[in-house]
Amino acid sequence: MKNSILVWLLYSIRVLLSTLILVPIIARQDIVGDPLQFIRQKTQQAVDVQGDPLQFIKHEILRLSPVSADNPRKNDVARVRQGAMSAGPEELAWRVQRFPIVKTAQEKFLGMKLTDDEVLEVAISCSGGGFRAMLGSLGSLKIAQESGLLDCVMCISGLSGSTWLIGPWIASGISLAEYKQLLFPRLKNGLMPSQPFVTNVANNLLVKFASNQPLTSVDLYGSLLADTLLGGRDANYTYLASSFSGYLPSNAERIANVHKYPLPVYTAVVGDEKQEWVDFTPYEVGSRAYQAYVPTWAFGRKFNKGVSTDYAPEQTLGFLMGVFGSAYCFNFRTAYQTAMPHLLEIPLLKDILEPIKLELLEPVVYTQVGDIRFAYAAVNNFMMGISGHSLAHQEKLKLVDAGVVMSNPIFSTYRMFPEGNAPDIIIACDYGASGLGDKELLRASAYAAEKNLPFPTLSNDTVERGKWSKQVLSMFGSAQDTSLPVVFYMPRIKDEQLLQQYKNNPHYAYYIKVLASLDWDRVVNKGYANTLN
């Protein structure tokens, strides 16, 4: 009896999977003739196939899926680049093209001629903070673009919510002013799935299943982000590598001259006790700490000893946005530290939690139990099998939102380090909910010291530190040591005194009018900017 039930179950699963193959294909109207007849035909093929029916199903998925069938890299073998410098050969070639644009823009911005040696390496880093960071990045970068500052910039790094602006904008191939008009209608209903959402999810999950790649809740989350931010049917056909190369079917094909955009660098961290940083660019994905980088179009494939062993298609930009912004993948300790202050503000919960906080909760949270994570993004580990590598025996790579380490990806702008210096100027935009810029800057300083990265010395004066979160702009640098970057820190504040100072200046009239009614505390705590980080 048990054997009969098992046979029936396996047969049912086989039929179900073979039918699932057809759902996204039919939805894309790739079927000619009677769809039901097509389903019956493919289902019978799966039942009758000699050998492993599951392998037949996977083969059919990859054969019929446009994402796989039309992938121009489907016959290319990828190799891991090992080295300490973040910038690989493709990025270095891109920098050669970008340099004249940066030089011309800086000459115009400064009103003076520059020699090549006088051109500054300028970078912008945008913090995390969900939709608040996404919209904050839109405002910051739009102003930078309109003022000519953005053309002076070589690199933009993003973390969590700010990546949700940078990635879709660059993939769109339009100006930030135009992208604003495109984005706002998409945000009208928040993260609500559109009609093509189910089809897109089915396509994504089936292709990854057929490619023997792990599936986690981040795949669904990324599909939802893509559905909202990339727009319905286009959501599955926008990729990080193609945003610069344009060789995959995506909106990004409209980009003719990629050197006209600063290099986008997106971030995540490995979800283990070391929490090492991982950078994603249109050219490579990798880690300075692990000194290993893989072509972006091959990220997610299986590797052994530094060489790819399959030909899976590139990960979608939607999935990667899910990885970058996976704040819900925080471990139990981080979730406790994030949520507890807010829970204690609720009178009823405060009466319940306050007595047990120190005696019962925190003794558990600050043990190994606190390290348990609710979820991960998981991909095949491209460092698998590399001789002498610390992750050589780890089959899967678990990735989480980089905000668990630091809320601003300042050090992802150090593209030429150690062969070159850090950027000359870093403009660090902070859209965090806490408004505690002094703590975030100290975290950056501590990280720089730990990793032996050049970074300005910060003041020990608590009064001086207190100003960092209360003034529109703080500057850190050293006149004596030019190897250290000059860091301009811009927190999420509304400076009433500054607005009063410039209220009669016609150049700022529009912005003063827009900011007049903005109540930051209200929108951060109870309004549209109330997000997890």
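Here is a short report on the structure shown in this document. (Residues numbered from 1 in each chain as written. Predicted model: local features only at pLDDT ≥ 70, side-chain atom pairs only at ≥ 80, totals over all residues. Heavy atoms only, no water.)

### Quick look at the layout of surface pockets
Computed from the structure, the largest pocket encloses a volume of approximately 2,300 Å³. Gly139, Ser140, Ile143, Met490 and Tyr511 are, among the 49 residues lining the largest pocket, the residues nearest its centre. Listing elements by their share of the lining of the largest pocket, those giving two or more residues are helix H5 (89-110), strand E2 (122-126), helix H6 (130-147), helix H8 (176-186), strand E12 (425-429), strand E14 (486-490), helix H17 (496-501) and helix H18 (509-516). Here the lining of the largest pocket gets 12 residues from one element, more than from any other, and that element is H6. Residue composition of the lining of the largest pocket, grouped by class: 35 nonpolar, 6 polar and 8 charged. (1 Å grid on protein atoms, 1.4 Å probe; cavity = no way out; pocket = protein on both sides within 12 Å on 5 of 7 lines; lining within 4 Å. Points joined across faces, edges and corners; volume = space filled by probe spheres on them. Helix = DSSP H or I, 4+ residues; strand = E, 2+ residues; numbered from the N terminus. Nonpolar A, V, L, I, M, F, W, Y, C, P; charged D, E, K, R; others polar.)

### Topic: the packing of aromatic side chains
For the structure shown, the criterion picks out 13 aromatic pairs. Arranged with centres 5.3 Å apart and planes meeting at 5 degrees, the rings of tyrosine 266 and phenylalanine 324 form a pair that is stacked. Taken together, the positions of tyrosine 266 in strand E4 (residues 263-270) and phenylalanine 324 in helix H12 (residues 317-324) put the pair 58 residues apart, joining distant regions of the chain. Here the two residues tyrosine 266 and phenylalanine 324 agree in accessibility, since each one is buried. Their ring planes at 70 degrees and their centres at 4.9 Å tell us that phenylalanine 280 and phenylalanine 324 sit as a pair that is edge-to-face. With phenylalanine 280 in strand E5 (residues 277-280) and phenylalanine 324 in helix H12, the pair connects residues that are 44 residues apart, well separated along the chain. Through successive ring pairs, a cluster of aromatic residues spans Tyr266, Phe280, Phe299, Phe324 and Phe382. Over the ring of phenylalanine 209 we find lysine 58, and its NZ or CZ is 5.2 Å from the ring centre. (Phe/Tyr/Trp six-rings, centres within 6.5 Å; stacked < 30°, edge-to-face > 60°. Buried < 20%, exposed > 50% of the residue type's maximum accessible area, 1.4 Å probe, protein only. Lys NZ or Arg CZ within 6 Å of the ring centre and 35° of its normal.)

### Some details on the nonpolar core
Within the largest apolar cluster, 65 residues are counted, with the highest numbers of intra-cluster contacts made by Leu165, Phe280, Phe299, Phe382 and Leu399. Residues in contact with leucine 399, not counting those within four places in the same chain, are Val269, Val270, Gly271, Val278, Phe280, Phe299, Val323, Ser326, Tyr376, Ala377 and Val379. In terms of nonpolar packing, the next biggest core, distinct from the first, is built from 27 residues, Val405, Ile410, Phe417 and Phe476 among them. (Core = buried A, V, L, I, M, F, W, Y, C linked by side-chain atoms within 4.5 Å. Contact = heavy atoms within 4.5 Å.)

### Remarks on the environment of leucine 62
Tracing the backbone through its elements, the reader meets leucine 62 in helix H3 (residues 53-64). Expressed as a C-alpha distance, the spacing of leucine 62 and lysine 208, which sit 146 residues apart in the sequence, is 9.4 Å. The contact partners of leucine 62, leaving out residues within four places of it in the chain, are Ser68, Ala69, Val207, Ala210 and Ser211.

### Examining the packing of helix H10 (residues 217-231) against H12
Packing of H10 against H12 brings their axes to within 7 Å, and their N-to-C directions diverge by 115 degrees. In terms of orientation, H10 lies roughly perpendicular with respect to H12. In the crossing of H10 with H12, the sense of the turn from one axis to the other is right-handed. Contacts between H10 and H12 pair Val218, Asp219, Tyr221, Gly222, Leu225, Ala226, Leu229 and Leu230 from the former with Leu317, Gly318, Phe319, Met321, Gly322 and Val323 from the latter. Grouping the constituent residues of the contact of H10 with H12 by class yields 10 nonpolar, 3 polar and 1 charged. (Axes fitted to C-alpha atoms, helices over the stretch in contact; angles between N-to-C directions. Parallel < 35°, antiparallel > 145°, perpendicular 65-115°, else oblique. Left-handed = near helix turned anticlockwise from the far one by under 90°.)

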